[in-house]
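Coordinate analysis (summary)
Listed below are the residues making up each chain.
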Amino acid sequence: MRQRMGKRAQRKFRLAGHEVEMNVVSLIDIFAILVFYLLVNALAVEILPNPNSLHLPQSQVRAAPKQVPVVVVSKDSILVDNVRVMNTADVAKVDGSFIPQLKSELLRKPLMRVEGADAGAVTRGDVNIMADKEIPYEVLKKVMATCTEARFAKISLSVIEKRDGGGA
């Protein structure tokens, strides 16, 4: 029996002792698919501009914002999608309820049809306003009125999410 066990052990050692070839083609295919997936999903992330001089108010967030035009109202200037429109100080000098310079910049955004409404109903969709918390309400009111005048259907204000320890 001893001789028989020795032959079996020698046979196993001989079979296990040689190198096994590895097929890397399927591994390369998996990595190619993974890279493609990561590239496609990395481009779908919206990054809102975050000027250092802007201090946003805090609030509790219930849903993530959509990718929409962004109006930034800082202490110094008003920007639409990172394009400077005018000085914030000049808004107080504007007569009327809306700002003509801001409206002309907002009118560059395309119109789209309203779903479920008659054929003539069009809107520019949503707009997101990022305003410093120190901006006077009168200035913010004129910016919102200008967005409404430019046919934006939904106006959202950006805030910093407040961490609330309680539920609900």
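Quick caveat: nothing in here was measured; it's all calculated off a predicted structure. (Residues numbered from 1 in each chain as written. Predicted model: local features only at pLDDT ≥ 70, side-chain atom pairs only at ≥ 80, totals over all residues. Heavy atoms only, no water.)

This part takes up the overall build of the protein. When helices and strands are tallied, the protein shows four helices and nine strands. Listed by position from the N terminus, the elements making up the protein come as α-α-β-β-β-β-α-β-β-β-α-β-β. Split into buried and exposed, the 168 residues of the protein put 26% on the buried side. For the protein, restricting intrachain contacts to residue pairs at least 6 apart in sequence, the fraction spanning at least 24 positions comes to 62%. As presented, the protein carries roughly 12800 Å² of accessible surface, and 57% of it is formed by carbon and sulfur atoms. (Helix = DSSP H or I, 4+ residues; strand = E, 2+ residues; numbered from the N terminus. Buried < 20%, exposed > 50% of the residue type's maximum accessible area, 1.4 Å probe, protein only. Contact = heavy atoms within 4.5 Å. Areas by Shrake-Rupley, 256 points an atom, 1.4 Å probe, with all protein chains shown as cover.)

In this section: the side chain of S74. Within the secondary structure layout, S74 lies in the loop between strand 2 (70-73) and strand 3 (77-80). Judged by its relative accessible area of 6%, S74 is buried. Sequence-distant contacts of S74, that is, excluding residues within four places in its chain, are made with S53, L54, T88 and I135.

This part is about the sheet that holds strand 7 (residues 126-131). The five strands lie next to each other as 4-3-2-7-8, forming an open sheet whose pairing is mixed. Each of the sheet's edge strands pairs with one partner strand only, and the pair in question is strand 4 (83-87) and strand 8 (154-157). Taken pair by pair, the neighbouring strands of this sheet meet at an average axis angle of 20 degrees, ignoring direction. Bridge analysis of strand 7 against strand 8 gives four bridges, and the strand direction is parallel. Within the sheet, the bridge partner assigned to V127 lies in strand 8 and is I155. (Pairing = 2+ DSSP bridges. Axes fitted to C-alpha atoms, helices over the stretch in contact; angles between N-to-C directions.)

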